[in-house]
Structures are given as structure tokens and as C-alpha cells.
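Close look at the chain arrangement
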Amino acid sequence: MKIIYTQHELIEWRQSLTMPTSSIGFVPTMGALHLGHISLIERALEENDAVVVSIFVNPTQFNDSNDFLHYPKNNEGDLEMLKDYARLVIFLPATSEMYPSPEKEQFHSGLLTSTLEAKLRPGHFDGVITIIRKLFNSVRAHRVYFGEKDFQQLAVIKSWVILEKRSELIIPCPTIRESDGLAMSSRNQRLSPEMRKEAPFIFEVLQAAKAQVDTQSPAEMEIWIRSVFLERPLFRLDYFEIIDGNTFAPLAEWSDSSLPMAMIAVFLGEIRLIDNIALTEQSA
Ligand code: PAF
């Protein structure tokens, strides 16, 4: 494992590879690593000659300063977790390295950047694209790995790569779950023991929704799931919506989509968790 702190060093490392045709995998993260990240890193190592993992809590993608302040940070633990992997480069820049001056670009891609996360976290995807451009330009990876838990982020980045005619291949990877079904997330570390006990309910609800596709319309399902959360006082539902997973358009009929997805964001106290499920077997 090699640690690099500046974009200049990263570019130099990239140029120094003895085999110029070496394939580079890239796993961008905000640290506080968990087994979900490790699954991305191990897949990237299987499919590439070398892998860059970035650890950077990107301030421009937080619409809530309190969320940024409390986002879990554990560089020491992260490096310990990665220390035995060969062929791994950790990019660990300071904020001043990535943002020598304040900046945030704007990225618009129809519903992908105006609904769900985009609507409830204004400016979030602008911040994601701002940092992704900087990271992609320094790493110049062949393949970049993202978890499907952040399904909308994945769609936004794929759309940006197409619109900008970039060469990076975006590789979606399945959500990794705890044994009780909770989607792994760095934010889970902030849950109190009581909240952690309740949190698997999020995936239980998604599975229950999937089991009712043959008996309910998308609108009926949204009403039902929203009502289920009213009976769970620890939760505050931010959204539960059924959309087409390609366009992010809300679904009126199941037959309108080959990729119907249920998307959820929910607060436990001040901790906001997201998850999603593909509602038909043939969909991803
Ligand atoms: O998914 C994340 O951890 C972040 O949004 C990303 C892609 C590393 C950009 O900061």
C-alpha cells in the first residue's frame, strides 16, 4: 500500500508505471471504510493491475453543514484496514489540495439531477460532480467502482461520463448488507444502539414492497409504505418513491418500466439513511 497526498504526486505515480498499458481501477470514497468499500476495492483489484482508493470528505456535496461536521472520519482506522493490500494506492488529499479556492460547478441532467436526492439535498450532485471531475482527471482510471446503494449518484455519474465523452468505465457494484439487511454505510456508525436495532426495518419495508408488486399499483404502494412509517416514531420518512430506474420518472403503471425501483430516504434522529430495491427479478 502506498499513500499519496497531492494531485501532482498522483500524476507522477501514474506516469511512472513501468507498463504504460497497466489498467487502473479507482474506488472513490469519503473514508470511514466498511465492508461495502472493501468489496469494491477487492473487485477493482481482481479486474485491474493497480487500484487507487481516494479518501476525501468532500465539503461541496453537503447541503447541511451539521451533516458535514458530524460525517464519520477515521483515517487511521481506514489505513489500518487497507495496509495489507498490495497494488493499492491511497489518495488522501487535504481540503486545500482539492479546493485551493472555493468552487462548485453545476451539472444538470434532467430528472436525474432534479428529483429525490437532488430535490431534498439541493446542490448535492453539483458537489459530487465537482470532486469527481478533479479526482477522475488526476487518477485517469480505466474502471471506476461505485456501490448501488447510492443508485442516483451512480446514474448521475454515468450520465456525466456520457455527456462529457469520458473514457472511464463506470462499474456498478451490488449493495453490501449487514446480516440483518441494513445497507452498509459510513453513516451507520452514528446510530445509537436503539436506532441501530430499528434500522433493518428500512430493508424489511423494501422487501415487503417488492412482494406486493402483483397486488398493488405503484401509487397504492407509495401510500401504503408512507403509512407504515407513521407507526414507527423513531423514523422520519424523507421520501419513498417508485421510479423508472433508467429515467427516474415516477411510475404510474408497472408496465411503463423494465426497471421499476423503490427508492427510500429516512431519518433516524438526525442521521439520514438511503436505500433502494429493484422491484422485479429481471431488473438489476
Ligand atoms: O459516494 C461517496 O462516497 C461520495 O459521494 C464520492 C463518490 C466519493 C464523492 O465524494
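Residues numbered from 1 in each chain as written. Predicted model: local features only at pLDDT ≥ 70, side-chain atom pairs only at ≥ 80, totals over all residues. Heavy atoms only, no water.

What to know about the site of the ligand
Note the threshold: We call a residue near a molecule or strand when any one of its heavy atoms sits within 4 Å of it. Residues adjacent in sequence count toward polar contacts only when both atoms are side-chain atoms; beyond that, a polar contact is any pair of N or O atoms within 3.5 Å, and within protein one must be able to donate a hydrogen and the other to accept it. Note on areas: Shrake-Rupley, 1.4 Å probe, and residue coverage restricted to the protein chains presented here. In this classification, the charged set is Asp, Glu, Lys and Arg, the nonpolar set is Ala, Val, Leu, Ile, Met, Phe, Trp, Tyr, Cys and Pro, and all remaining amino acids, among them Gly, are polar.
Taken together, the neighbourhood of the ligand is formed by Pro28, Thr29, Met30, Asn58, Gln61, Ile131, Phe146 and Gln153. Note that an oxygen atom of the ligand is positioned 2.6 Å from one of the side-chain N or O atoms of glutamine 61. Contact distances for the ligand include 2.7 Å between an oxygen atom and a side-chain N or O atom of glutamine 153. In isolation the ligand exposes 290 Å². Once the protein is present, 89% of that is buried. Its residues placed into classes, the shell around the ligand shows 4 nonpolar, 4 polar and no charged.

Observations concerning the nonpolar core
Inclusion rule: What we call a nonpolar core is a set of buried Ala, Val, Leu, Ile, Met, Phe, Trp, Tyr and Cys residues that are connected through their side-chain atoms within 4.5 Å. Exposure classes here rest on a 1.4 Å probe applied to the protein chains alone. A residue is buried below 20% of its type maximum, exposed above 50%, and partly exposed in between. Secondary structure counts use DSSP, requiring at least four H or I residues in a row for a helix and at least two E residues in a row for a strand, with both numbered from the N terminus. We call two residues in contact when some of their heavy atoms are within 4.5 Å.
Within the largest apolar cluster, 45 residues are counted, with the highest numbers of intra-cluster contacts made by Trp13, Val52, Phe136 and Ile157. The element best represented in this core is helix H7 (residues 124-139), accounting for 8 residues. Sequence-distant contacts of tryptophan 13, defined by excluding residues within four places in its chain, comprise Lys2, Ile4, Ile24, Ala50, Val52 and Val89. Of all hydrophobic cores here, the second largest spans 27 residues; its members include Leu191, Ile225, Leu251 and Ile264.

Here we look at the packing of aromatic side chains
In this description, an aromatic ring pair is defined by two values, namely the gap between the centres and the angle between the planes. The cut-off we apply is this: Classification of ring pairs rests on two measures: the distance between centres of Phe, Tyr or Trp rings, Trp counted by its six-membered ring, which must be within 6.5 Å, and the angle between planes, read as stacked under 30 degrees, edge-to-face over 60 and tilted in between. Placement of a charge over a ring requires the Lys NZ or Arg CZ to be within 6 Å of the ring centre, with the centre-to-atom vector within 35 degrees of the ring normal.
Across all of its chains, the model carries 9 aromatic pairs by this definition. Between phenylalanine 26 and phenylalanine 136, the aromatic rings sit 6.2 Å apart at their centres with planes inclined by 70°, giving edge-to-face as the arrangement. Pair noted here: phenylalanine 26 is in strand S2 (residues 24-29) and phenylalanine 136 is in helix H7, with a separation of 110 residues, a long-range link. Judged by relative accessible area, which is 1%, phenylalanine 136 ranks as buried. The ring of phenylalanine 203 carries the charged tip of arginine 177 above its face, separated from the ring centre by 3.6 Å. Its end group placed over the ring of phenylalanine 267, arginine 236 keeps NZ or CZ at 4.2 Å from the ring centre.

Considerations on the pattern of salt bridges
So the rule is basically this: Whenever Lys or Arg places a side-chain nitrogen within 4 Å of a carboxyl oxygen from Asp or Glu, that contact is recorded as a salt bridge.
Scanning the model with the defined rule gives 17 salt bridges in all. Of the charged contacts, one joins arginine 121 and aspartate 67 as a salt bridge, the two residues approaching to 3.8 Å between their closest N and O atoms. Taken as a pair, arginine 121 in the loop between helix H6 (117-120) and H7 and aspartate 67 in helix H3 (residues 65-70) lie far apart in primary sequence, 54 residues in all. The burial state of arginine 121 is the same as that of aspartate 67; both residues are buried. Between glutamate 270 and arginine 190 there is a salt bridge whose closest N-O contact spans 2.6 Å. Here the residue glutamate 270 occupies a position in the loop between strand S8 (260-268) and strand S9 (271-278), and arginine 190 occupies one in the loop between strand S6 (169-173) and helix H9 (193-198), the gap between them amounting to 80 residues. Among the residues examined, glutamate 270 registers a relative accessible area of 46% and is labelled partly exposed. Here arginine 190 falls in the partly exposed class, since its relative accessible area comes to 22%. A cluster of three or more residues bridged by salt bridges with shared partners is formed by Asp67, Arg121 and Arg187.

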